[in-house]
Amino acid sequence: MGQKTRHILSLSGGKDSTALAIFMRDKIPEMEYVFCDTDKELRETYEYLNYIEAYLGKKIIRLNAAVGFDHWHQVFGGYLPSPSMRWCTRQLKLKPFEEFVRDDPIISYVGIRADEDRVGYISHKPNIRTVYPLKEAGIDYAGVIKILEDSGIGLPPYLKWGRTHSGCYFCFFQKPIEWVRLLETYPEDFDKAQAYEKVTDQPGKTFTWIQGMPLSELRKPKNVKKIKRRYAETQERYYKARGNKTLVEVLAELDVPTREPTACLICHL
Ligand code: SF4
């Protein structure tokens, strides 16, 4: 007899993977829900996971409980991860997931929506088959919001203060305006993020979250003002071009194009 297939859904604390978990709850009772914890997630994410857990009536298995970001930061000699050097995703999200699934036959459920063109993390491990139930069911952005609202779980709470994605509070994928919001909402987290940076005169020895802009500079009132102004100007241009938006769209900044690199799906879905 062949090995039994395991069903695994990896939550990120973001709206799409949460909606997927709600959508799948009664379809696959043996689903295993996991969350790869960097130990540096947004404080609201931990709270949000508790609501999800209560709704699912099942424990969300936390991976990495003992070895979080700081361990790997040390192993990488203080080198901060960046869009081109995402050691954090590899060590704290992908690896723990693959260790958890072992060599068992797996169906991995990923929350890509019907209105999205991107692909999620697809393991090259031959025992993992990835499926996209939201996409397959034609569930788009509005559908995800409806699932979250109907369940009573609602949108991730960090959207209220303007953070647009789940993940670490210091994630290098966040936009300058999100750094400003972090500074204004949770200054102690901004200070902690800043403490990871190392600014020196020696080439190759400077580590900052944003290339060329240490947080010690970003936080200066004149720079905060500049970032806010630039953001307001971009918003205004797009409001004019796109007409009325719903509150949810505003919060999620869905229609504001960005030149930032594509964020990491496993952390942010
Ligand atoms: S949220 Fe950002 S910093 Fe955290 S593990 Fe993912 S890519 Fe890295």
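Throughout what follows, the structure given in this document is the object of discussion.

The rules we used
Residues numbered from 1 in each chain as written. Predicted model: local features only at pLDDT ≥ 70, side-chain atom pairs only at ≥ 80, totals over all residues. Heavy atoms only, no water. Helix = DSSP H or I, 4+ residues; strand = E, 2+ residues; numbered from the N terminus. Buried < 20%, exposed > 50% of the residue type's maximum accessible area, 1.4 Å probe, protein only. Contact = heavy atoms within 4.5 Å. Axes fitted to C-alpha atoms, helices over the stretch in contact; angles between N-to-C directions. Left-handed = near helix turned anticlockwise from the far one by under 90°. Nonpolar A, V, L, I, M, F, W, Y, C, P; charged D, E, K, R; others polar. 1 Å grid on protein atoms, 1.4 Å probe; cavity = no way out; pocket = protein on both sides within 12 Å on 5 of 7 lines; lining within 4 Å. Points joined across faces, edges and corners; volume = space filled by probe spheres on them. Domains from an automatic or database assignment. Core = buried A, V, L, I, M, F, W, Y, C linked by side-chain atoms within 4.5 Å.

### So, the side chain of N127
Now for step 1: Assignment of secondary structure puts N127 in the loop between β4 (106-109) and β5 (128-131).
Now for step 2: Judged by its relative accessible area of 16%, N127 is buried.
Now for step 3: When near neighbours in sequence (up to four residues on either side) are disregarded, N127 contacts V101, R102, D103, D104, P105 and I106.

### Regarding the packing of helix α1 (residues 15-24) against helix α6 (residues 141-151)
When two helices pack together, their arrangement is given by the angle between their axes and by how far apart the axes lie.
Now for step 1: Where α1 meets α6, the closest approach of the two axes is 9 Å, and the angle between their N-to-C directions is 60°. Judged by the twist between their axes, the crossing of α1 over α6 is left-handed. Between α1, through K15, D16, T18, A19, I22 and F23, and α6, the contact on the second element is made entirely by Y141, V144, I145, I147, L148 and S151.
Now for step 2: A per-class count over the contact of α1 with α6 returns eight nonpolar, two polar and two charged.

### Side note on empty space enclosed by the protein
Now for step 1: A complete count under the given rule lists two cavities of 30 Å³ or more for this structure.
Now for step 2: Roughly 100 Å³ of volume is contained in the second largest cavity.
Now for step 3: Along the walls of the second largest cavity sit 13 residues, with C88, C168, C171, F172 and C267 positioned nearest its centre.
Now for step 4: Take the lining of the second largest cavity: its biggest share by element is three residues, from helix α4 (residues 87-101).
Now for step 5: Among the residues making up the lining of the second largest cavity, the classes are represented as 10 nonpolar, two polar and one charged.
Now for step 6: Summarising the domain contributions, the lining of the second largest cavity has at least three residues from each of domain 1 (6-160) and domain 2 (165-268).

### As for the nonpolar core
Now for step 1: F69, F170, W179 and W209 are the most contacted members of the largest nonpolar core, which totals 32 residues.
Now for step 2: Looking at this core, the elements with two or more residues in it are α3 (69-75), α4, α7 (176-185), α8 (187-195), α9 (215-218) and α10 (221-242).
Now for step 3: Looking at this core, the element that brings in the most residues is α7, giving five residues.
Now for step 4: Per-domain counts for this core show at least three residues from each of domain 1 (6-160) and domain 2 (165-268).
Now for step 5: Not counting residues within four places of it along the chain, the set of residues in contact with F170 comprises K40, F69, W179, A193, Y196 and W209.
Now for step 6: By size, the runner-up hydrophobic cluster in this structure holds 25 residues, among which are A19, Y109, V131 and I153.

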